[in-house]
Amino acid sequence: MAKQVKKNESFTYFDPSAADVLLAGDFTGWEQNPISLKKQKDGSWTASIPLDPGVHEYRFLVDGQWRDDEQCSAHKPNGFGTQNCVREVR
């Protein structure tokens, strides 16, 4: 059986006024090991991370507040009364 190869996936959040943007998801243990995004000159925050093929749930943590990925069209209810963003890696 062939080993599944991780694919680099780009995540972007736009908020020029944010001081800190983290990516948290099932691939980071959520808040256990979030990934810091880097602020770009245009006010967007970006990160590119390797993910296993499959379906992943995630959200952004912006200055300590949970935020959705506005570029994500797929969502799934979570246990907190809000929705997680869903990304499928092929």
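Model, not experiment: these values are computed from the prediction.

**Describing the overall build of the chain**
Here is step 1: Counting its regular elements, the chain contains 0 helices and 9 strands.
Here is step 2: Overall, the chain shows an N-to-C arrangement of helices and strands of β-β-β-β-β-β-β-β-β.
Here is step 3: Radius of gyration (C-alpha) of the chain: 13 Å, near the 12 Å computed for a compact globule of 90 residues.
Here is step 4: C-alpha extents for the chain along the principal axes are approximately 45 × 30 × 25 Å.

**Observations regarding the side chain of Asp 15**
Here is step 1: When you line up the elements, Asp 15 lands in the loop between strand E1 (7-14) and strand E2 (21-25).
Here is step 2: Lacking a salt bridge, the buried Asp 15 has Arg 67 as its closest oppositely charged neighbour, with an N-O distance of 6.1 Å.
Here is step 3: A polar contact of 2.8 Å, which involves the side chain of Asp 15, links it to the side chain of Ser 17.
Here is step 4: Beyond its immediate chain neighbours, meaning those up to four positions away, Asp 15 contacts Gly 43, Trp 45 and Val 62.

**Re the layout of surface pockets**
Here is step 1: Roughly 160 Å³ of volume is contained in the largest pocket.
Here is step 2: Lining the largest pocket are Trp 30, Glu 31, Arg 59, Trp 66, Asn 78, Phe 80, Thr 82 and Asn 84.
Here is step 3: Here the lining of the largest pocket is composed, by residue class, of 3 nonpolar, 3 polar and 2 charged.

**Considerations on the sheet that holds strand E4 (residues 38-39)**
Here is step 1: Spatially, the 3 strands line up as an open sheet ordered E1-E5-E4, and their pairing is antiparallel. Here the strands that pair on one side only, and so sit at the sheet edges, are E1 and E4.
Here is step 2: With 8 bridges joining them, E1 and strand E5 (residues 44-51) adopt antiparallel strand pairing. Opposite Phe 14, over in E5, you have Ser 44 as the bridge partner.

**Side note on the nonpolar core**
When a protein is soluble and globular, its nonpolar side chains tend to lie buried together.
Here is step 1: Within the largest apolar cluster, 16 residues are counted, with the highest numbers of intra-cluster contacts made by Phe 11, Val 21, Leu 23, Leu 37, Tyr 58 and Phe 60.
Here is step 2: Contributing elements (two or more residues each) for this core: E1, E2, E5, strand E6 (54-62) and strand E9 (83-89).
Here is step 3: Ranked by residue count, the leading element in this core is E5, at 4 residues.
Here is step 4: Setting aside anything within four residues of it in sequence, one finds Leu 37 in contact with Phe 11, Tyr 13, Val 21, Leu 22, Leu 23, Trp 45, Thr 46, Ala 47 and Phe 60.

What counts and what doesn't
- All residue numbers refer to position in the chain's written sequence, counted from 1.
- A pLDDT threshold of at least 70 governs which residues receive local features in this predicted model, and a stricter bar of 80 or more applies before side-chain atom pairs are shown or counted, although totals over entire chains, interfaces and linings include all residues.
- Each side-chain value is derived from all of the structure's non-hydrogen atoms; neither hydrogens nor water enter the calculation.
- Note on conventions: DSSP H or I runs of at least 4 residues are helices, E runs of at least 2 residues are strands, and numbering of each starts at the N terminus.
- Computation of the radius of gyration draws on C-alpha atoms alone. For the globule rule, the value is 2.2 Å times the number of residues to the power 0.38.
- Only protein chains enter the area calculation, which uses a 1.4 Å probe; residues under 20% of their type maximum are buried, those over 50% are exposed, and those in between are partly exposed.
- Counting rule for charge: Lys and Arg are taken as positive, Asp and Glu as negative, and neither His nor the chain ends is counted.
- Salt-bridge detection follows one rule: a side-chain nitrogen of Lys or Arg within 4 Å of a carboxyl oxygen of Asp or Glu.
- Distance and chemistry together define a polar contact, namely a pair of N or O atoms within 3.5 Å, with one atom able to donate a hydrogen and the other to accept it when in protein, and with adjacent residues in sequence counting only for side-chain atoms on both sides.
- Any two residues whose heavy atoms approach within 4.5 Å are treated as being in contact.
- Using protein atoms alone on a 1 Å grid, points that fit a 1.4 Å probe yet trap it form a cavity, whereas open point sets bounded by protein on both sides within 12 Å along at least five of seven lines form a pocket; residues with an atom within 4 Å of a point count as lining.
- Grid points are joined across faces, edges and corners, and a volume is the space filled by probe spheres set on the points.
- Residues are sorted three ways: Asp, Glu, Lys and Arg are charged, Ala, Val, Leu, Ile, Met, Phe, Trp, Tyr, Cys and Pro are nonpolar, and all the rest, Gly among them, are polar.
- Being paired, for any two strands, means DSSP has found at least two bridges between them.
- Side-chain atoms within 4.5 Å link the members of a nonpolar core, which is a set of buried Ala, Val, Leu, Ile, Met, Phe, Trp, Tyr and Cys residues.

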